[in-house]
Amino acid sequence: MTPQAKLIFTASLLLGTTITISSNHWIMAWAGLEINTLAILPLISKSHHPRAIEAATKYFLTQAAASALVLFSSMTNAWHTGQWDITQLTHPTSCLILTSAIAMKLGLAPFHFWFPEVLQGAPLTTGLLLSTAMKFPPITLLFMTSPSLNPTLLTCMAILSTALGGWMGLNQTQVRKILAFSSISHLGWMTIIISYAPKLTLLNFYLYALMTTAVFLTLNSIKTLKLSTLMTTWTKTPALSAMLFLTLLSLAGLPPLTGFLPKWLIIQELTKQDMATTAIMISLLSLLSLFFYLRLAYCATITLPPHTTNHMKQWRTNNRTSTMIAILTVSSTMLLPISPMLPPIL
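Counting from 1, residues in each chain are numbered in the order their sequence is written. At least 70 in pLDDT is required for a residue's local features to be given in this predicted model, at least 80 for side-chain atom pairs to be given and counted, and no such filter applies to totals for whole chains, interfaces and linings, which use all residues. Hydrogens and water molecules were not included; the side-chain quantities draw on all heavy atoms of the structure.

> Hey, could you run me through the UniProt feature "domain: NADH:quinone oxidoreductase/Mrp antiporter transmembrane" (unreviewed entry) in the chain in this one?
UniProt positions are given in the numbering used here, feature names are shortened, and annotations may be inferred rather than shown by experiment. The residues that UniProt annotates with the feature "domain: NADH:quinone oxidoreductase/Mrp antiporter transmembrane" (unreviewed entry) are residues 23-288. Helix and strand assignments come from DSSP, with helices taken as H or I runs of at least 4 residues and strands as E runs of at least 2, each series counted from the N terminus. Split by type, residues 23-288 is 76% helix and 0% strand. Its first and last C-alpha atoms lie 38 Å apart.

> It is not clear to me how the environment of V175 should be interpreted in this structure. Could you clarify?
Relative to the elements of secondary structure, V175 occurs in helix α9 (residues 175-193). Burial here depends on accessible area, computed with a 1.4 Å probe over protein chains only, as a share of the maximum for the residue type. Under 20% is buried, over 50% is exposed, and the range in between is partly exposed. The class for V175 is buried, based on a relative accessible area of 1%. The spatial distance from the C-alpha of V175 to the C-alpha of L128 is 12 Å, given a sequence separation of 47 residues. Contacts are assigned to residue pairs with any non-hydrogen atoms lying within 4.5 Å of each other. The contacts of V175, once residues within four sequence positions are left out, are L219, T224, L225, K226, L227 and L296.

> Can you help me understand the side chain of S67 in this one?
The residue S67 is located in helix α3 (residues 50-81) in this model. Its relative accessible area of 2% is what places S67 among the buried residues. S67 has contacts with W30, E34 and K105, leaving out every residue within four places of it along the chain.

> Hey, could you run me through a nonpolar patch on the surface in this one?
For patch building, the residue pool is restricted to those with more than 30% relative accessible area and no salt bridge; the joining distance is 9 Å between like charges and 5 Å between nonpolar side chains (Val, Leu, Ile, Met, Phe, Trp, Tyr). What sets the accessible areas is the Shrake-Rupley method with a 1.4 Å probe; for residues, cover comes only from the shown protein chains. When a carboxyl oxygen of Asp or Glu lies within 4 Å of a side-chain nitrogen of Lys or Arg, that pair is called a salt bridge. Taken together, I27, M75 and W84 make up a surface patch of nonpolar side chains, about 260 Å² in accessible area. Its location among the elements puts W84 in the loop between α3 and α4 (92-106). Classification of W84 by relative accessible area gives partly exposed; the value is 30%.

> So what exactly am I meant to see when it comes to the pattern of salt bridges here?
Evaluated as defined, the whole model comprises three salt bridges. As a salt-bridge pair, K58 and E54 come within 2.7 Å of each other at their nearest N and O atoms. Of this pair, K58 and E54 both sit in helix α3, four residues apart, which is roughly one turn of the helix. The class of E54 is partly exposed, set by a relative accessible area of 37%. One salt bridge in this structure joins K58 and E117, with 3.7 Å as the shortest N-O distance. With K58 in helix α3 and E117 in helix α5 (residues 114-121), this pair connects stretches of sequence that are 59 residues apart. Here the salt bridges share partners, and the residues they tie into one network are E54, K58, E117 and K177.

> Help me out: how do you make sense of the side chain of T247 in this one?
If you trace the backbone, T247 turns up in helix α13 (residues 238-252). On the basis of relative accessible area, T247 is assigned to the buried category, the value being 1%.

> Could you clarify how one ought to interpret α5 in this entry?
Side chains that are three or four residues apart share a direction in an α-helix, a result of its 3.6 residues per turn. Burial runs high along α5: seven of the eight residues are buried. Inspection of α5 places W114, F115, P116, V118, L119, Q120 and G121 among the buried residues, and these make up the whole buried set. Where the residues of α5 are buried, they touch α2 (26-44), α3, α4, α6 (124-131), α9 and α10 (198-221).

> I keep staring at the packing of aromatic side chains and nothing clicks. Help me out?
Each aromatic ring pair is summarised here by two numbers: the centre-to-centre distance and the angle between the ring planes. Any pair of Phe, Tyr and Trp rings, taking the six-membered ring for Trp, is counted once the centres come within 6.5 Å. Such a pair is stacked with planes under 30 degrees apart, edge-to-face with planes over 60 apart, and tilted for the rest. Per the counting criterion, the structure on display carries seven aromatic pairs. Centre to centre, the rings of F292 and Y293 are 5.1 Å apart; their planes meet at 50°, and the pair counts as tilted. The exposure class of F292 is buried, given its relative accessible area of 0%. Taken together through their ring pairs, the aromatic side chains of Y59, W114 and F115 make up a single cluster. Only lysine NZ and arginine CZ atoms are considered, and such an atom sits over a ring when it is within 6 Å of the ring centre and within 35 degrees of the ring normal. Taking NZ or CZ as reference, K135 lies 3.8 Å from the ring centre of F115, over its face. Just above the ring of W189 sits the side chain of K263; from NZ or CZ to the centre is 5.1 Å.

> So what exactly am I meant to see when it comes to the packing of α9 against helix α15 (residues 276-302) here?
Any two packed helices are characterised by the angle at which their axes cross and by the distance between the axes. Whenever a helix is involved, its axis is fitted only over the stretch in contact; in every case the axis is a line through C-alpha atoms, and angles between N-to-C directions fall within 0 to 180 degrees. The geometry of α9 relative to α15 is characterised by a closest axis approach of 11 Å and an angle of 160° between their N-to-C directions. What the angle tells us is that α9 and α15 run roughly antiparallel. Like other packed secondary-structure pairs, α9 and α15 cross with a definite hand, here left-handed. Residues V175, I178, F181, S182, S185, H186, G188, W189 and I192 of α9 lie in contact with α15, whose contacting residues are T278, I282, S283, S286, S289, F292, Y293 and L296. Across the contact of α9 with α15, the residue classes tally to nine nonpolar, eight polar and no charged. Any angle from 65 to 115 degrees is called roughly perpendicular, while one under 35 is roughly parallel, one over 145 is roughly antiparallel, and all others are oblique. The sense of a crossing depends on the near helix, which, turned anticlockwise from the far helix by less than a right angle, makes the crossing left-handed and, turned clockwise, makes it right-handed. Each residue receives one of three labels: charged for Asp, Glu, Lys and Arg, nonpolar for Ala, Val, Leu, Ile, Met, Phe, Trp, Tyr, Cys and Pro, and polar for the others, Gly being one of them.

Shown next as structure tokens:
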């Protein structure tokens, strides 16, 4: 792919995201989502591998269906109430259809089946965009419509996402699929609190994007796509592998690291809302995903294979992103002390 084409597609992604997050009218939000979908498709299928083409096709069909549902939901609401404003979504049927559409856009259970397949077929850099930037516009729409949506439905979907994201990631050996199930599990945490403290959802999303970016850029730097290759990285880049270990534990939400901060605040807010049982359920279900994060971390740092592996060793890693990785990994592991500053903002 030529640099000019990459520039056009990246600019279109930025344009689509900006249009969606800054719009008040449903048609503008829908147009932004469509621009985003069309701009990411060439980036998914740029390798021309049959797997990449299949991933792009699956992504296109799912996103087209979700966009049609967004349009259908907003038109139904406008038909009954005469309002095209995003924040004025009051008709119950429209709310239900919109919840399904946004869940499909995000890859939230039970509409999550496309996401691991698409991520597996895409390159690591495109996978990073799909896991972070492409989820920002739907999360924004969810944030704006959250007062109108059904909290019970969102809670059920959130618990299902955390459970399925944990269970289905347990026996995976492909790193991109593991990160896809990790994303589904994190979306559960974001969705469960959206009706009660929407700003916490955004905080969770920002920190998740930060940690996931650090993991994807590290994996891209050491050219790792499956667990067997991850086992040989310690001898090549010990410092980077050690930081990957900490970032993965942070993504799992272990206490002294950044990833614990959103989980802690969400559990606290759920308890305040008399939802202690829900908080206990989602906390126990996140232990499932902790297992595969530990497995990744174990493969990256603790396993030193005694036998010769059948893959080519590289003399040098790609150092272009090393400064960015350094900043992101430090942020991904050391932001917990800022938690006393957050209550006035939230």
